[in-house]
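What follows is the residue order along each chain.
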Amino acid sequence: MDFDYNDEQKMLKQGAREFFEKECPKSLVKQMMEDEKGNPPELWKKMSQLGWLGLIYPEKYGGGDGNMIDLIALEEEMGRACLPGPFLSTVLLSGLFILHNGSEEQKKEILPKIAGGQLILTLALTEQSDSYEASAVSVEAKAEKDDYIIDGTKLFVPDAQIADYIICIARTKKGDKPEDGLTAFLVDRKTPGITITLLKTLAGDKLCEVVFNKVKVSKKNIIGKLDQAWGPLQQTLQQVKIAQCAEMVGGAQRALELAADHAKKRIQFDRPIGSFPVIHHLIANAMMDVDACKFLTYEAAWKFSEGMPCAKEIAMAKAWTGEAYQRTAAMGHQVLGGIGYTLDGEMHLYFRRAKSGELTLGDGKFHREALAKELGM
Amino acid sequence: MLWAPGLLGGLTGGVQGPIIMQHGTPEQKKEWLPKIAAGAQFALGYTEPNAGTDLASLQIRAAKDGNDYILNGQKMFSTGAHNARYHWLAARTNPEMPKHKGVSMIIADLTAPGVTVTKLTTIAGDRTNEVFYDNVRVPQTNRIGPEGEGWNITRSALAAERGDLGTFPWPKILVDELIQYAKETKRNGKPLSEDPQIRQTLAQLSMDVSVLRLFGRRLNYMIEKNQDISWSAPFSKIFESELSQRIANQGMNIMGLYGQLEQGSKYAKLKGHIELAYLTMVVRSFGGGSNLRLRSDIATRGMGLPREPQLAMPVKK
Ligand SMILES: Cc1cc2nc3c(=O)[nH]c(=O)nc-3n(C[C@H](O)[C@H](O)[C@H](O)COP(=O)(O)OP(=O)(O)OC[C@H]3O[C@@H](n4cnc5c(N)ncnc54)[C@H](O)[C@@H]3O)c2cc1C
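Not measured: the values here are computed from a predicted model.

Moving on, we come to the overall build of chain B. Assigned secondary structure in chain B consists of ten helices and ten strands. The C-alpha radius of gyration of chain B comes to 22 Å, within 12% of the 20 Å expected for a compact globule of 317 residues. Along the three orthogonal principal directions, the C-alpha set of chain B runs to about 75 × 45 × 40 Å. In chain B, buried positions account for 51% of the 317 residues. Sequence-distant contacts, at least 24 apart, represent 67% of the contacts inside chain B between residues at least 6 apart. Surface accessibility of chain B: about 14500 Å² in total, with carbon and sulfur atoms responsible for 54%. Seen as two clouds, the 38 positive and the 29 negative side-chain charges of chain B have centres 3 Å apart.

With that out of the way, let us pick up the overall build of chain A. Helix and strand counts for chain A come out as eleven helices and ten strands. The C-alpha radius of gyration of chain A comes to 21 Å, within 12% of the 21 Å expected for a compact globule of 377 residues. With the C-alpha coordinates of chain A rotated into their principal frame, the extents come out at 80 × 50 × 40 Å. Considering chain A as a whole, with its 377 residues, one finds that 59% of them fall into the buried category. Sequence-distant contacts, at least 24 apart, represent 74% of the contacts inside chain A between residues at least 6 apart. Accessible surface, chain A: about 15300 Å² in total, of which carbon and sulfur atoms supply 52%. With 47 positive and 53 negative side-chain charges, chain A shows a separation of 3 Å between the mean positions of the two kinds.

Taken together, the contact pairs 50 residues of chain A with 50 residues of chain B. At the surface where chain A touches chain B, the tally comes to four salt bridges. At the junction of chain A with chain B, the criterion picks out 29 residue pairs in polar contact (both at pLDDT 80 or more). Of all the elements in the fold, those that place two or more residues in the side of chain A that touches chain B are strand 3 (147-158), strand 7 (207-218), strand 9 (267-268), helix 8 (277-305), helix 9 (311-336) and helix 10 (347-359) of chain A. Element by element, the count of residues in the side of chain A that touches chain B is highest for helix 10 of chain A, at seven residues.

A few words on helix 10 of chain A. Residues and elements named next belong to chain A. Here helix 10 is 13 residues long and its end C-alpha atoms lie 19 Å apart, about the 18 Å a rise of 1.5 Å per residue gives. Among the 13 residues of helix 10, 13 are classified as buried, and the element is accordingly described as predominantly covered. Looking one or two places after helix 10, you find L361, whose phi comes out positive at around 65°.

Our next topic: the pattern of salt bridges. Using the criterion set out here, one finds 39 salt bridges over all chains in the structure. Residue E242 of chain B pairs with R295 of chain B through a salt bridge whose shortest N-O separation is 2.9 Å. Of this pair, E242 of chain B sits in helix 7 (residues 232-255) while R295 of chain B sits in helix 9 (residues 291-303); the two residues are 53 residues apart in sequence, bridging distant segments of the chain. The network of salt bridges with common partners includes K13, R17, E76 and E77 of chain A.

All names here are of chain B. Domain annotation of chain B identifies domain 1 (4-148) and domain 2 (167-303). Its C-alpha centre places domain 1 at a distance of 31 Å from the equivalent point of domain 2. Counting residues at the interface gives five residues for domain 1 and eight residues for domain 2. Interface area, domain 1 with domain 2, both sides summed: about 590 Å², of which 77% is carbon and sulfur. On inspection of domain 1 and its partner domain 2, the count reaches zero salt bridges. Applying the counting rule to domain 1 against domain 2 returns zero residue pairs in polar contact (both at pLDDT 80 or more). Looking at side-chain class alone, the side of domain 1 that touches domain 2 contains four nonpolar, one polar and no charged residues.

Cut-offs applied
Residues numbered from 1 in each chain as written. Chains lettered and ligands numbered in written order. Predicted model: local features only at pLDDT ≥ 70, side-chain atom pairs only at ≥ 80, totals over all residues. Heavy atoms only, no water. Helix = DSSP H or I, 4+ residues; strand = E, 2+ residues; numbered from the N terminus. Rg over C-alpha atoms; globule rule 2.2 N^0.38 Å. Buried < 20%, exposed > 50% of the residue type's maximum accessible area, 1.4 Å probe, protein only. Contact = heavy atoms within 4.5 Å. Areas by Shrake-Rupley, 256 points an atom, 1.4 Å probe, with all protein chains shown as cover. Lys, Arg positive; Asp, Glu negative; His and termini not counted. Charge placed at Lys NZ, Arg CZ, Asp CG, Glu CD. Salt bridge = Lys/Arg side-chain N within 4 Å of Asp/Glu carboxyl O. Polar contact = N/O pair within 3.5 Å; in protein donor to acceptor, adjacent residues only side chain to side chain. Expected span 1.5 Å × (residues − 1). Domains from an automatic or database assignment. Buried area = accessible area lost by both parts, 1.4 Å probe. Nonpolar A, V, L, I, M, F, W, Y, C, P; charged D, E, K, R; others polar.

Structure representation (structure tokens):
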């Protein structure tokens, strides 16, 4: 494993940094936290033109043939920029699930449109049961001639309010194990019977309640195999978590830099506060914390891109990164003092996103448990 | 907002009353104590852009002019200044004296000509203010205590406030709410309260709440006995502020995806208290005395450790 990106990836990363500094200033980020859509269309279009929305897809689906390392280089910059919008839900959760499981026809139909910025998709997995286990899926889909009828409520669905399609994970059969009998349906959001309510969240990201009231969807819209969505879905989630960790790495790194910059500049007691040993300790601990995030994430990404087993590495990366990002941003608030506590500041953006990133797709507890299982316990 | 009055302080006569009793002239007692009893409100004007933890470097100038002072300068984070009538102001009356010696306590009228109050919004959505003074006249009779004694008066006021911070009710309220939540909420078919890790977390947090309560009671005991609380008051303050942040942070994990829902959102649990606490409690680690700094006070005053050499001998410009 390399501890650094190759030259091309460095260029991508540098280009992304400059692009986001210009096109995604923190004023826009804050505006999007209040905005119901939460996705500035111009920015999305430009990212598509730069090839970033399709970066990870094969060329034949309008993509850039990038690998996991390319993706995490870009993701780090998205995290640094606090990029709003549906990259995770559309490009990663939905796009990758379709890429790995969709029919040739579905892939040809959808992926180029995601890459081209014409389609927004999301994945509806979690429900009121507040769990990422298979047993938590209770939304049902019953066969009726050539259709299925979906009934039930999904909760914490990202970006559903702007999605063209929702991939709904529903129970099609009561199997012996909760993992059996789950199916993924590609549902047009405008189908009668779908009601979407936006929730108000800490990070101002767009999580929704999606109610399916006898929603009719054609059998043709099943993605992957009937009753067997769970395993493939977990594989996609694994890959998405690596990208999500990289996004958090970028955010944590920036929070650390903001704290260190402030410590160098802020004068109290006739000297920079950064000269106090307690501040050295805070910064030094955070540096170790953030580098741990980085290397756990890089290792997971590298193993993944080499096709090696990496369940352990992913569990470690997600457990560590979520919590360390939160610690780092909290430290940042301590160092910034009052000036960092106003809405005009930036630290709170990281402090908010750290926590929502930690909770999304399973927190530290969830992934330590996953790791324990991987360790044979 | 829910937390503002108790948390951010300032909007009472609670600190001012006892200080005027102790340091005021008979005329001042006659003027201010009835006003305070009738509910006159004060905003606390200590902090400035360049004077936070290092409060003694404050620069707002009170220059003598006949029987008045003329105030010029800026205060920062004066919570409640947009509602309060009076500003409890630490101002520099003598710029020639060493930092700590040239400061006096002055009561300014926030409605006087030349005062501008502008809004700052905190990350938790509360309002605080910047206050600008442009040639504002205040009678010298509004100075509390002798000229140049402002620093000592401020310190005793801050210590009182710190003791108060230790009796902050929210840690206990929030832990009780989380315990109730754990009992009533099932995840993966089992009540959260049966999850061994959640049990450990909540047991630890309620233990911490007990320690906080005992620190607070000991502090009161020491005050009653007239003992030195310069090291024990920060105990409560530090312990409480860090506990409050732990409760909010760990509470969000206990509540899982629901933890991030704001007050007023559909599906928000515990009235969004935990999410609000996550944002609000940040301020407590540096507001009302910086925890990092206060730890030095504890070790030096409580256990007699030597002071950090550089700080004991300030480098002077
Ligand atoms: C919401 C809010 C409400 C407030 N309300 C009021 C109010 O009503 N009235 C009022 O007067 N003030 C108020 N304040 C100001 C508050 O008291 C200050 O924020 C506090 O004194 C810290 O000062 P600062 O923000 O300038 O941080 P700084 O002093 O710049 O501190 C930044 C960091 O440096 C550290 N540091 C500083 N000095 C040392 C040292 N010697 N050793 C080790 N570490 C050190 C601090 O611990 C902190 O981590 C409020 C602040 C906020 C955010």
